[in-house]
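Observations on chain architecture
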Amino acid sequence: MATQSIDGPKRGSLLSDQRTRAIVFQALAFFLVAVFFIYIGTNTARNLEALGISTGFGFLDSPAGYDVAMSLIPYTATDTHGRVFFVGLLNTLSVAVTGIIAATILGVILGVLRLSKNWLVSKLVYWYVEVVRNVPLLLQILFWYGVLLGLPRVRDAIPVFETMFLSNRGFYLPRPVPGDGIGLIIIAFFVAVIAIPIIARAARKRQEQTGQIFPVFWTSAALIIGLPALAAIVTGFPLTFDYPEKGGFNFKGGMVLRPEFVALWFSLSIYTAGFIAEIVRAGIQAVSHGQTEAAFSLGLKPNWTMRMIVLPQALRVIVPPLTSQYLNLTKNSSLAIAIGYPDLVSTFGGTSLNQTGQAIEIIMMTMLVYLTISLLISMLMNYYNKRIALVER
Amino acid sequence: MSDAVQRVSTPGVSDEVAIQIIGMHKWYGQFHVLKDINLTVRRGERIVVCGPSGSGKSTMIRCINRLEEHQQGQIIVDDIELTGNLKNIDAIRREVGMCFQHFNLFPHLTVLENCTLAPIWVRKVPKAQAEEIAMEFLNKVRIPEQAAKYPGQLSGGQQQRVAIARSLCMSPRIMLFDEPTSALDPEMIAEVLEVMVNLAETGMTMICVTHEMGFARKVADRVIFMDGGEIIEQNEPEEFFNNPQSERTQQFLSQILAH
Ligand SMILES: Nc1ncnc2c1ncn2[C@@H]1O[C@H](COP(=O)(O)OP(=O)(O)O)[C@@H](O)[C@H]1O
Ligand SMILES: [Mg+2]
């Protein structure tokens, strides 16, 4: 608060004024930080020059000259370091995004089960959470990677439903092959996606006018499955599968999930799910029992009470710590380097760095990527949190 | 004591039975909370329940709408018996409104939404109509101007009046009150009691757990005294206050009337 009084008889000196002091201190802090970075910057540039290392981002266009084990985009050793950057980035994003989805689903289920009246279920979840949260993540990653590498060799791969195979080279799964008419199914799917909000809106309008409650959830579920299914029948099931077939040393056809990916994804998911379970439990418990009782006494059924009274209030408590779990998972995905999963840090930030020696540029780019992802997640979650925030006095 | 109590005028008590509790027992684990409760409440009757803290008053009225489960005996509300049958529980909760000591308004919904939620989702009333009804009751509890605010923006007395309006929007035939004024500052107690007196004048069947003896004298048809999980004594208010029979009642009354 400003202590400035315009017509007060006593005015202290300018330096004792709170607002002036705040500005002076901030300017001073900014100045010191700027001096620090300029000093570091010029110093480093001079040293690098002395060592004969050129600065700049020209290296991004030079060939990388090494192979990457897994890539979502076409990549060969003759491609550039710039392309390696994108290969690594996509690998990081794919493990982070699938990890966040799996951790959220598992965490929410576990958090709710933790509150179960069933003693055994609740205790099991309790022990899961305790174990998973208290063993270092790196150990867990190494453990699961070890387990996967302990699977039989390709020759003795374990079949699952005769169409999938588990081996120490990865999980071999059927690959969907779209045929003619697949477009219609995709269109049907999007028609359903567009129709749902329209139906939900119409249902709300109708309820406001007549009071009739329309089963929006079940209708939506039916549409999103039914419409594409109908299109599939009409077009005569244009989706076939390319099944993996055992060859001499490897499988032919199908698609493969590498053990590095599976181990990293699995460990990140179950580790983070342990934290999310606790967050969800605490969030639900933070909603006082009186809320449920008030809803019950008004005649609301338990599932509606959960949906309309408990969850909206629990989410307020859940979302901020959930955000930091998402950030943690994303940053923890850089532990990929320990088992050779080709994420951004182990490819671009590792091999490329060693080969080019452009440490500053590469580390800066890599840090910038994590910073951007983190800020994006934070912004999204903050936006959501603002929308559900409570109005208090 | 004062004989100058102005009794409210009400439509009167009918012969029809609204609530009947027969030989009801309840335990919390080993702890015997309610012992052989027998109580008949007629339609339009207003009952005040008092007794020392921990005597089982809350537990008893919470059994009436199944917020607590009884283990022995019968509870019959509006001719429907409370059993494990979920249909019966739903039916009874629709007919019985309840107000709590700590109001328990939904903090994420506006005052108006608090009042329309159950009519819309339970009674399937069209929204416009539900809002109309809600405004009518918010008028009756004299806070229509707060309709768009959130509970966190209201005073305790205002919140309790919203809670009463919220219950009334479901047009219950019976209202339960569990110490509705004991979390309020003295100046707010009066405004809530006034709303409850007005409600009594409409002929609503009411069971109120309260220690507001002025309210009991003014509106109660019967005052019930509980101690140690038992109904010790029940009588018309004048008799109850002027001529308490049991020693425990006398003791309790001298304690609460002392201050
Ligand atoms: N959920 C519960 N579990 C165990 N004991 C309880 C529970 N709720 C209330 N009790 C006990 O039952 C007794 C009666 O409680 P209550 O009905 O709340 O009393 P009152 O409303 O008359 O103050 C008290 O001794 C209280 O400690
Ligand atoms: Mg009580």
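Above this note sits the structure.
Worth saying up front: this structure is predicted, and the values here are computed from it rather than measured. (Residues numbered from 1 in each chain as written. Chains lettered and ligands numbered in written order. Predicted model: local features only at pLDDT ≥ 70, side-chain atom pairs only at ≥ 80, totals over all residues. Heavy atoms only, no water.)

**Overview of the overall build of chain A**
Check the secondary structure of chain A and you find 11 helices and eight strands. The C-alpha atoms of chain A give 28 Å as radius of gyration, which overshoots the globular expectation for 393 residues (21 Å, by more than 25%). In chain A, which comprises 393 residues, the share counted as buried stands at 35%. Within chain A, contacts between residues separated by at least 24 positions form 67% of all contacts whose residues are at least 6 apart in sequence. With an accessible surface of roughly 23,400 Å², chain A has 69% of that area assigned to carbon and sulfur atoms. (Helix = DSSP H or I, 4+ residues; strand = E, 2+ residues; numbered from the N terminus. Rg over C-alpha atoms; globule rule 2.2 N^0.38 Å. Buried < 20%, exposed > 50% of the residue type's maximum accessible area, 1.4 Å probe, protein only. Contact = heavy atoms within 4.5 Å. Areas by Shrake-Rupley, 256 points an atom, 1.4 Å probe, with all protein chains shown as cover.)

**Brief notes about the side chain of E233 of chain B**
All names here are of chain B. Tracing the backbone shows E233 in strand β10 (residues 230-235). No salt bridge is formed by the buried E233. Its closest oppositely charged neighbour is R248, at 9.0 Å. At 2.7 Å, the side chain of E233 forms a polar contact with the backbone nitrogen of Q245. Here S246 takes part through its backbone nitrogen, which lies 3.0 Å from a polar atom of the side chain of E233. With near-sequence residues (within four places) excluded, E233 lies in contact with V223, I224, F225, F240, N243, P244, Q245, S246 and T249. (Lys, Arg positive; Asp, Glu negative; His and termini not counted. Salt bridge = Lys/Arg side-chain N within 4 Å of Asp/Glu carboxyl O. Polar contact = N/O pair within 3.5 Å; in protein donor to acceptor, adjacent residues only side chain to side chain.)

**Overview of the environment of S167 of chain B**
Residues and elements named next belong to chain B. For S167, the position within the fold is in helix α5 (residues 156-168). For S167, a relative accessible area of 3% translates into the label buried. As for S167 and N114, which are separated by 53 residues in sequence, their C-alpha atoms are 9.6 Å apart.

**Considering the site of ligand 1**
All names here are of chain B. Taken together, the residues surrounding ligand 1 are Y28, F31, V33, P52, S53, G54, S55, G56, K57, S58 and T59. Between Y28 and ligand 1, the recorded distance is 3.3 Å, taken from a side-chain N or O atom to a nitrogen atom. Here an oxygen atom of ligand 1 sits 2.6 Å away from a polar atom, N or O, in the side chain of S58. Surface burial for ligand 1 is 59%, taken as the share of its 560 Å² of free accessible area covered by protein chains. Where the shell around ligand 1 is concerned, the elements lending two or more residues are β2 (31-42) and α1 (57-64). (Near = heavy atom within 4 Å.)

**Here we look at the sheet that holds strand β5 (residues 80-81) of chain B**
If you walk across this open sheet you meet the four strands as β2-β1-β4-β5 (chain B), and the pairing is antiparallel. Both outer strands of the open sheet, β2 and β5 of chain B, are each paired with one neighbouring strand and no more. (Pairing = 2+ DSSP bridges.)

**Things to note about the packing of aromatic side chains**
For the structure shown, the criterion picks out 18 aromatic pairs over all chains. Measuring from centroid to centroid gives 5.5 Å for F36 of chain A and F37 of chain A, while their planes differ by 80 degrees, and the two rings are edge-to-face. The class of F36 of chain A is partly exposed, set by a relative accessible area of 47%. F37 of chain A sits in the exposed class, given a relative accessible area of 55%. Linked through ring pairs, F57, F59, F85, F86 and F348 of chain A together constitute an aromatic cluster. We note K123 of chain A situated over the ring of Y126 of chain A; from NZ or CZ to the ring centre the distance is 4.9 Å. The ring of Y28 of chain B carries K26 of chain B above its face, with NZ or CZ at 4.7 Å from the centroid. (Phe/Tyr/Trp six-rings, centres within 6.5 Å; stacked < 30°, edge-to-face > 60°. Lys NZ or Arg CZ within 6 Å of the ring centre and 35° of its normal.)

**Some details on the side chain of R166 of chain B**
Here R166 of chain B lies in helix α5. Side chain to side chain, R166 of chain B and N114 of chain B meet in a polar contact 3.3 Å long. Not counting the four nearest positions on each side in its chain, R166 of chain B is found in contact with A294 and L298 of chain A together with F103, N104, L105, F106, N114 and C115 of chain B.

**Looking at the interface of chain A and chain B**
With 26 residues of chain A in contact, the opposing surface of chain B contributes 31 residues. Around 2,700 Å² of area is buried between chain A and chain B when both sides are counted, 62% of it from carbon and sulfur atoms. The interface formed by chain A and chain B contains three salt bridges. With its nearest N and O atoms 2.5 Å apart, the salt bridge here joins R62 of chain B to E293 of chain A. Elements that contribute at least two residues to the side of chain A that touches chain B include exactly α5 (182-210), α8 (289-297) and α9 (302-332) of chain A. Here the side of chain A that touches chain B gets seven residues from one element, more than from any other, and that element is α8 of chain A. Partitioned by chemical class, the residues of the side of chain A that touches chain B number 12 nonpolar, nine polar and five charged. (Buried area = accessible area lost by both parts, 1.4 Å probe. Nonpolar A, V, L, I, M, F, W, Y, C, P; charged D, E, K, R; others polar.)

**So, the nonpolar core**
Grouped together as the largest cluster of nonpolar side chains are 54 residues, with contacts concentrated most on F85, L264, Y326, Y341, L344, F348 and I377 of chain A. Listing elements by their share of this core, those giving two or more residues are α2 (81-114), α4 (137-149), α7 (259-286), α9, α10 (344-356) and α11 (359-388) of chain A. Take this core: its biggest share by element is 11 residues, from α7 of chain A. The contacts of Y326 of chain A, once residues within four sequence positions are left out, are I100, T104, I276, I377 and M381 of chain A. In this structure, V48, V162, L193 and F225 of chain B belong to the second largest nonpolar core, which totals 49 residues. (Core = buried A, V, L, I, M, F, W, Y, C linked by side-chain atoms within 4.5 Å.)

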